[in-house]
Amino acid sequence: MRLSLRGRARLALPFCGVLAALLAAAPAAQATFHEILVREVYPGGTDNDSYVVLQAYSSGQHLLSGHAVTAYNSAGASIGTFTFSGSVANSQNQMTVLVADTAYATGFPTGPAPNGTAANFNLDPAGGAICWAGLDCVSWGAFAGSTSPTSGSPADPAGIPADTALRRTIAAGCATLLEPGDDTNVSANDFQDATPNPRANSSPITETVCGPSTAPNTTIGNPKPASRTNSTEATFSFTATPPTDASFECKLDAAATFTACTSPVSYTGLSGGAGTSHTFQVRAVHPTNGTDTTPASHSWTIDTAAPVATIDSEPADPSPGNSAAFEFHASESSSFQCSLAQTGEPDAYASCSSIKTYSSLLDGDYTFKLRAADQAGNVSAVESHAWTVNNSLADIVPPQTTISSRPPNPSASSTASFTYASNEPNSTFECSLDGAAFAGCPTPGVTYASLSSGSHSFQVRAVDSSGNKDVSPAGYSFDVVPSAATLPAVPATLPLAPMPPAPPPLAAPQTKISAKPAAKTADRTPTFRFGPKSPGMAFECQLDRSPFKSCRSPFTTKALTPGRHTLKVRAVAAGVADPTPAVFNFQVLKGRPGRGK
């Protein structure tokens, strides 16, 4: 125990003299908050129920209005601040003030009410810091920032253990008065691990005279239940320091009294359901040094009710194209596992989150399965959806785009507006000005401002709901001149030349596959022939879901894996592609790679 000169002199007095001296030395109430230190920091469990306890070492320290407690992450960045809007109710020496995260009541349902709460006050056990009003700071774990005032070497360099608090060391195993000398500005020296014990200002810490030996202090170790579990059994291990020859008394929930127990102690048949809170307390008892007046405590929740998983949306049956998306949710906070398997294949569960999307699916029958696990480990019943994938139903016909309105040519304005339309409903659009890359543009029109003088070109293409893009974008070219007055005049005596007739639209070529393997073949590199071919005509092939690429007849595939495959072929003439490619679905059987068997 670190004692000031005043403290050492006080212990030399008889007990009654100590109390008299303390009362005589107590300062009068004063309008200050300077004689307050951080007493305890709890980084919280899975419920983010963090809290900070401040303790005064003089009376009259309750005028806290406008002063703040600030939390920092391991890098030294602020993550939350609570500023007092007024005074606290208690002003006596050794009063305590409790500031907590808004989830505090979840972890400490029977604990004292905080004097203030702050959202996002979630402290990280791995590293962080707390500072009070520019007067006192404590850091722990992997904290790499700086504090003002300094907090020195962090306590618990490996991080604060689970369900453990940092408490300022006043005297080993003996609750006594906080004094200025108890703060050395070195967190590793000033704080030690302790069982969480939140205190509000309605319960000030009082002096305890421990005698020649210190009274026992009780600590709950491991094993102990997780903060949320589905087990109706619980086992606790605990110790006392000092003395080591203390016995123990335990109490569970609302039991009337503490009863004798030994470590470890186990309980079975505990109530659960959708969520039942329990609290275990233990205190050390010594025949000479007395009973631990602050029993160690651990609270947890038993949840034995499984969540309900629900699939909210799924693909049509049969589904066109090779992708499928699922949306789902659970009746409570849960993690998810999904499985997708073709008929006859085993389930293959993996972690997932809504929305789950699958792509590059071959034709066939599939089953999607979903299950949810809540925070206590309860697993839901399996939800499933079975359907058939048919890639031949996919929409591969590109839309056609038209420009509805446009600026005059030439134009005297540096602003140009366009409207456009698609022959397919629910299309979106992509625009390009002066050869720039196509980018999304609004429906039904776009406006360009501050155009420079000179020639400009505009293009727009529609994208339908299946992702097909117009392969021949609509376009318009125009000139911007400084002023309409500078436009060359058209002689009134000259007749306007008639507009040349528009060329007839190019007919789309037709494609046929003239030679192909059997629908089921052992040939892993089958050959296809297609046509007819006319001058200037080219062909593009698509194997399964790869992009269309230039190809020639005859066309031999690369080595294919056993399974279902699809070949699509389209002819291209004068820049116009066959909108209805020839399609052949086939299956490669298991056998030796190469042609034939």
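Quick note: structure is the one above.
Owing to the predicted nature of the structure, the values given are computational and were not obtained by experimental measurement.

Caption draft 1: Quick peek at the overall build of the chain. Across its full length, the chain holds four helices and 44 strands. Buried positions account for 41% of the 597 residues belonging to the chain. Considering only intrachain contacts with a sequence separation of at least 6, the fraction spanning at least 24 residues in the chain is 63%. Element-wise, carbon and sulfur atoms account for 54% of the exposed surface of the chain, whose accessible area totals about 29700 Å².

Caption draft 2: Here's a closer look at the packing of aromatic side chains. If you walk through the whole model with that rule in mind, you get 32 aromatic pairs. Aromatic pair F418 and Y448: ring centres 6.5 Å apart, planes at 70°, arrangement edge-to-face. Of the two residues, F418 sits in strand 30 (residues 416–422) while Y448 sits in strand 33 (residues 445–448), which places them 30 residues apart along the sequence. The same class applies to F418 and to Y448, which are both buried. Clustering of aromatic rings is evident, with ring pairs tying together F326, F328, F336, Y358, Y366, F368 and W387.

Caption draft 3: Spatial organisation of the sheet that holds strand 29 (residues 401–405). Spatially, three strands are ordered 29-30-33 in an open sheet, and the strand pairing comes out antiparallel. Bordering the open sheet on either side are strand 29 and strand 33, each of which pairs with just one other strand. If you compare each strand with its neighbour and ignore which way they point, the axes differ by 30° on average. With four bridges joining them, strand 30 and strand 33 adopt antiparallel strand pairing. Following the sheet pairing, A416 is matched in strand 33 by Y448.

Caption draft 4: Inspection of the environment of S351 at higher detail. Assignment of secondary structure puts S351 in strand 25 (residues 350–352). Residue S351 is classed as exposed on the basis of its relative accessible area, which comes to 66%. Put simply, S351 and A372 are 21 residues apart on the chain and 9.9 Å apart in space, counted from C-alpha to C-alpha. Excluding residues that lie within four positions of it along the chain, S351 makes contacts with F336 and Q337.

Caption draft 5: Quick look at the side chain of D578. Residue position: D578 is located in the loop between strand 43 (576–577) and strand 44 (582–588). Buried within the structure, D578 lacks any salt-bridge partner; its nearest side chain of opposite charge belongs to R570, at an N-O separation of 8.5 Å. Within the structure, D578 has its side chain in polar contact with the side chain of T511 (distance 2.9 Å). A distance of 2.9 Å separates a polar side-chain atom of D578 from the backbone nitrogen of T580. Among all residues touching D578, those that are not within four sequence positions of it are P509, Q510, T511, R570 and A571.

Caption draft 6: Region of the structure containing the state of the cysteines. Counted according to the given criterion, the structure contains five disulfides. Put simply, C131 and C137 are joined by a disulfide, and their sulfur atoms are 2.1 Å apart. For the disulfide bridge between C131 and C137, the dihedral angle about the S-S bond is near 115°, and by the sign convention the bridge is right-handed. Overall, C131 belongs to the buried group, its relative accessible area being 6%. Owing to a relative accessible area of 4%, C137 belongs among the buried residues under this scheme. Disulfide partner of C250: C261, at an S-S distance of 1.9 Å. Every disulfide takes its handedness from the sign of the S-S torsion; for C250 and C261 that torsion is 75°, giving right-handed. In this pair, C250 is assigned in strand 15 (residues 247–252) and C261 in strand 16 (residues 259–261), connecting sequence segments eleven residues apart. Note on accessibility: C250 and C261 belong to one class, buried.

Caption draft 7: Expanded view of the nonpolar core. Core analysis: the largest hydrophobic core is formed by 27 residues, its most contacted members being V38, F84, I130 and W132. Those elements giving two or more residues to this core turn out to be strand 1 (36–42), strand 2 (51–56), strand 3 (68–72), strand 5 (96–101), strand 7 (127–132) and strand 8 (136–141). Every residue in contact with F84, bar those within four places of it in the chain, is listed here: L64, S65, G66, H67, V69, V97, V99 and W132.

Conventions we followed
- Residues numbered from 1 in each chain as written.
- Predicted model: local features only at pLDDT ≥ 70, side-chain atom pairs only at ≥ 80, totals over all residues.
- Heavy atoms only, no water.
- Helix = DSSP H or I, 4+ residues; strand = E, 2+ residues; numbered from the N terminus.
- Buried < 20%, exposed > 50% of the residue type's maximum accessible area, 1.4 Å probe, protein only.
- Contact = heavy atoms within 4.5 Å.
- Areas by Shrake-Rupley, 256 points an atom, 1.4 Å probe, with all protein chains shown as cover.
- Phe/Tyr/Trp six-rings, centres within 6.5 Å; stacked < 30°, edge-to-face > 60°.
- Pairing = 2+ DSSP bridges.
- Axes fitted to C-alpha atoms, helices over the stretch in contact; angles between N-to-C directions.
- Lys, Arg positive; Asp, Glu negative; His and termini not counted.
- Salt bridge = Lys/Arg side-chain N within 4 Å of Asp/Glu carboxyl O.
- Polar contact = N/O pair within 3.5 Å; in protein donor to acceptor, adjacent residues only side chain to side chain.
- Disulfide = S-S within 2.5 Å.
- Core = buried A, V, L, I, M, F, W, Y, C linked by side-chain atoms within 4.5 Å.

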